[in-house]
Amino acid sequence: MLQETAASFLADEGSIAKQLRHWRDTGCTDGYGTALWKQFGELGLTGICIPEAQGGLGLGSVEAALVLEEIGRNLTPSPFLTTAVAGARAIEGTAHAERWYPGILSGETVLALAVDESSRHAPEKTALAAERRGNGFVLNGQKQLVVHGNSADVILTIARTAGSPGEREGLTLFAVPKAAAEVESATLADSSKAAHITFSNVELDADAVVGEVDGGWAPLARALNAGRAGVSAELVGVAAGAWAMTVDYLKQRKQFGKLIGEFQALQHRAAHLYGEIEIARAAALKAAELLDSGGEKADLLVAVAKAKAASVSKLAVQEGVQMHGGIGMTDEHDIGLYMKREAVLGELFGDVYFHRARVAELSGY
Amino acid sequence: MAELDSFRSETRAWLEANCPPEMREPMRSESEACWGGRNWTFSSDAQRVWLERMVERGWTVPHWPKDYGGAGLSPAEAKVLKEEMARIGARNPLYSFGISMLGPALLKFGNDEQKKRFLPEIARGEIRWCQGYSEPGAGSDLAGLQTKAEDKGDHWLVNGQKVWTSYADKADWIFCLVRTSTESKQGGISFLLFDMQTPGVSTKPILLISGNSPFCETFFDDVKVPKNQVVGEVNRGWDVAKYLLGHEREMIAGMGLGGTGGTLGRMLKPDDPFLRAEIAAFDVDALAFAAMSERFFEMFKASEAHPASPSMMKYAGTELNKRRHELMMAAGGSDALEWDSDRSKGGKTPRDWLRTKANSIEGGTSEIQLNIVAKHILGLPGA
């Protein structure tokens, strides 16, 4: 039911022409349509991960994955992943939930998650300093690849209140109002917006802390797991969308007097890709199920899902562009847009190498 | 849910009380597997007792109907049994092509008499079966087979040759594809069952590069087969064959799981950083494949899987298994090269590695599986 609703809503309202191309070609500063985000709210989708007692649907990662796969398939630009999934999870069970959930539910509030400080994902290496001053804190440092950082109302920022870079202890998560930081917006390869954010002597009250002081790893891990499982599902959607477009093309394009889909060299590659996408989807769903049920292998499967979905999606977009031939290189055709989205999502919350290393670490080798 | 919980606790208690400790140790080699059959010699009392007790409960074929030797378990119950067996590391009590391949085909295509005659014997492990599909001129192009069965009124007269017949030299009966008409390639094939002791049947093992002979050449010289041993309709055996191949592929795809749980990296503890990275990449693929297998088996049992999806699983699983063994060879270094020495357990590592090379050939090559996916799932033209 939810899947059908999400599929038809996103194919209609979230389609590439209506959203991605439109906002890209009109030079939109947010990179997505705020009206669409409100529609997400009207359908209840923004409340998927929010408990029923707080007005949400009280569902979980599996349902979020179903929506995200459709988002991926249609390349829909929206703050669903950062706000309704990762952000909602980060503040879950804290005082900030009461404050921000209503805006998320109505599709008015956008959250961003600021983790990385270099071009590679490394949450433990957080150095951004949060020093106590009076009843509050002063933040100094910088963050990069903050998705929707330029349009978010609040930037969930992981900072160091103790310990040293490399340690999971001594981190604290802060909810920083956007106005407090210096935001430099960047347009990424897929036309989405991400921000470089600089904190120079940003003063925050004690109530900006999400959860416990020095105990920021817990809400961060919650947000990262939800975000990684979610981005895996979105990558599966990107792969499936690119693959479907390619198989359609194989059935239409003629060369040497034949449909190119008759050539075994292409059939085998398309069939291989089909299997890989099914496997990536199973991994993404398994990760989501384990997150929802609190399974002990949840962390492992989240890493498997992200690594697998990213590598499969990369194969799908590369094969997609190649099999489309010259037309695949044109801006006019949509297949290249899949390649650009994959590149960005593949990097977000840790790339293939990060997650393979994590699988090794979690398996004890 | 409560019923399933009580089924789980009863199953756990029964397994605890009835599975001999020796049958909870991992098998060290293929030769420790119990295959049953009329000439079977049990390697230990524990092996015999374990099979008898499982047969008694219908748990060698838990989801088959009780009338045919099964326990009539629901898919959810069968899954619980599988999980509980895995929990204590219980060995499979019986390896059987009768269970994994012929049984499902008989359940679907066999007549009442055939089901009553053969299924309980299969469930009890009394008859060991082999599969007569491939021929020297009909491998990937299976429907090109030439072994002929002539209608002689009261019997079929079979002449021809099969190849790659797994364990034909040890089997009691064969399920065999024969040509009963030459009018059409796929439309003239029938599915025949007969005793390997019938006069005119002979077998010869084929030595493989692994140094073992799991496969045989099988010859039929004026073999008389009773008329009532055709499964399904005469000349419609291709339908039975295809259905059975789906089950064979499902079974072979299981190899991709590696059997032991845990990751390859955890087992090998690679110290070379490049090897470690490659093994981690493999483990991602293997764990993702395990998630797919779980999903596939649930969809398959609920009849929600695409009928051609065993081909996708067989392709992915066997390619993965070959990669696993390449990495085991790499991690073993020179130890992994020892073919015949005391410390190499009879050359298990290199022999197993070479055996896996057949995985992407037997049961239909990887290329054939991709053709099937391209045609039946992708609907590509001319596939």
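Residues numbered from 1 in each chain as written. Chains lettered and ligands numbered in written order. Predicted model: local features only at pLDDT ≥ 70, side-chain atom pairs only at ≥ 80, totals over all residues. Heavy atoms only, no water.

Considering the overall build of chain B
A tally of helices and strands in chain B yields eleven helices and eight strands. Relative to the globule expectation of 21 Å for 383 residues, the C-alpha radius of gyration of chain B, 21 Å, shows essentially globular dimensions. Principal axes of the C-alpha set define a box for chain B whose edges measure 65 × 45 × 45 Å. The buried share of chain B, taken over its 383 residues, is 52%. Partitioning the intrachain contacts of chain B with sequence separation of at least 6 by distance along the chain shows that 71% fall at a separation of at least 24. For chain B, the accessible surface area stands at approximately 17,900 Å², while carbon and sulfur atoms represent 51% of it. Each charge class in chain B was averaged separately, 47 positive and 52 negative side chains, and the resulting centres sit 1 Å apart. (Helix = DSSP H or I, 4+ residues; strand = E, 2+ residues; numbered from the N terminus. Rg over C-alpha atoms; globule rule 2.2 N^0.38 Å. Buried < 20%, exposed > 50% of the residue type's maximum accessible area, 1.4 Å probe, protein only. Contact = heavy atoms within 4.5 Å. Areas by Shrake-Rupley, 256 points an atom, 1.4 Å probe, with all protein chains shown as cover. Lys, Arg positive; Asp, Glu negative; His and termini not counted. Charge placed at Lys NZ, Arg CZ, Asp CG, Glu CD.)

Quick look at the nonpolar core
Phe-40, Val-67, Phe-80, Leu-139, Leu-156 and Phe-174 of chain A are the most contacted members of the largest nonpolar core, which has 148 residues in total. With 17 residues, the top contributor of residues to this core is helix α7 (residues 217-250) of chain A. Among residues more than four places away in sequence, those in contact with Phe-40 of chain A are Phe-9, Leu-10, Leu-45, Thr-46, Val-67, Ile-71, Ser-78 and Phe-80 of chain A. Counting 39 residues, the second largest nonpolar core, distinct from the first, contains Leu-51, Val-55, Leu-142 and Leu-145 of chain B. (Core = buried A, V, L, I, M, F, W, Y, C linked by side-chain atoms within 4.5 Å.)

Focus: the side chain of His-148 of chain A
Residue and element names in this part refer to chain A. Tracing the backbone through its elements, the reader meets His-148 in the loop between β3 (136-147) and β4 (154-160). By relative accessible area, which is 7% here, His-148 ends up buried. Excluding its chain neighbours within four sequence positions, the residues that come into contact with His-148 are Asp-30, Tyr-32, Ser-78, Pro-79, Thr-82, Val-110, Ala-112, Lys-193 and Ala-194.

Focus: the interface of chain B and chain A
At the interface, 34 residues of chain B touch 32 residues of chain A. For chain B, the biggest contributors to the area lost against chain A are Val-284, Leu-378 and Pro-381 of chain B; these three give 19% of the whole. With a closest N to O distance of 2.7 Å, Lys-286 of chain A and Glu-294 of chain B form a salt bridge. Inspection of the chain B/chain A interface yields twelve residue pairs in polar contact (both at pLDDT 80 or more). At the level of elements, α7 (264-268), α8 (273-301), α9 (309-332) and α11 (366-377) of chain B are the ones that each hand at least two residues to the side of chain B that touches chain A. When residues in the side of chain B that touches chain A are grouped by element, the largest group, 14 residues, is from α8 of chain B. Here the side of chain B that touches chain A is built from residues that sort into 21 nonpolar, five polar and eight charged. (Buried area = accessible area lost by both parts, 1.4 Å probe. Salt bridge = Lys/Arg side-chain N within 4 Å of Asp/Glu carboxyl O. Polar contact = N/O pair within 3.5 Å; in protein donor to acceptor, adjacent residues only side chain to side chain. Nonpolar A, V, L, I, M, F, W, Y, C, P; charged D, E, K, R; others polar.)

Notes on unusual backbone geometry
The residue Phe-256 of chain A is not glycine, and still its phi comes out positive at about 55 degrees. Position of Phe-256 of chain A among the secondary structure elements: in the loop between β9 (254-255) and β10 (258-259). For Tyr-167 of chain B, which is not glycine, the phi dihedral falls at a positive 55 degrees. Examined against the element boundaries, Tyr-167 of chain B turns out to sit in the loop between β3 (155-166) and β4 (173-179). According to the relative accessible area criterion, Tyr-167 of chain B is buried, its value standing at 13%.

Focus: helix α4 (residues 61-74) of chain A
Residues and elements named next belong to chain A. Between its terminal C-alpha atoms α4 stretches 20 Å, which fits the 20 Å expected from 14 residues at 1.5 Å a residue. Of all 14 residues making up α4, eleven are buried, and the element is well covered by its neighbours. The complete set of buried residues in α4 reads Ser-61, Val-62, Ala-64, Ala-65, Val-67, Leu-68, Glu-69, Glu-70, Ile-71, Gly-72 and Asn-74. Remark: Leu-75 follows α4 within two positions and exhibits a positive phi of approximately 50 degrees. (Expected span 1.5 Å × (residues − 1).)

Describing the UniProt feature "domain: Acyl-CoA oxidase/dehydrogenase middle" (unreviewed entry) in chain B
Within this structure's numbering, the places UniProt gives as "domain: Acyl-CoA oxidase/dehydrogenase middle" (unreviewed entry) are residues 130-223 of chain B. The straight-line gap between the two end C-alpha atoms of residues 130-223 of chain B is 16 Å; of that span, 0% is helix and 51% is strand. (UniProt positions renumbered as here; feature names shortened; annotations may be inferred.)

Considering the pattern of salt bridges
Residue and element names in this part refer to chain A. In the structure shown here, the tally under the stated rule is 48 salt bridges over all chains. The salt bridge partner of Glu-276 is Lys-308, with a shortest N-O separation of 2.8 Å. Of the two residues, Glu-276 sits in helix α8 (residues 264-293) while Lys-308 sits in helix α9 (residues 298-324), which places them 32 residues apart along the sequence. Note on accessibility: Glu-276 and Lys-308 belong to one class, buried. The shortest N-O distance in the salt bridge between Glu-278 and Arg-281 comes to 2.9 Å. Here Arg-281 and Glu-278 lie together in helix α8, a separation of three residues that amounts to about one turn. A residue is classified by how much of its surface remains accessible, and Arg-281, at 14% relative accessible area, is buried.

A few points about the confidence of the model for chain B
Close inspection of predicted coordinates is inappropriate in any region flagged by low pLDDT. With 98% of its residues at a pLDDT of 70 or more, chain B has an overall mean of 92. At the level of chain-chain contacts, confidence expressed as ipTM amounts to 0.93, with global pTM at 0.90. (pLDDT = per-residue confidence, 0-100.)

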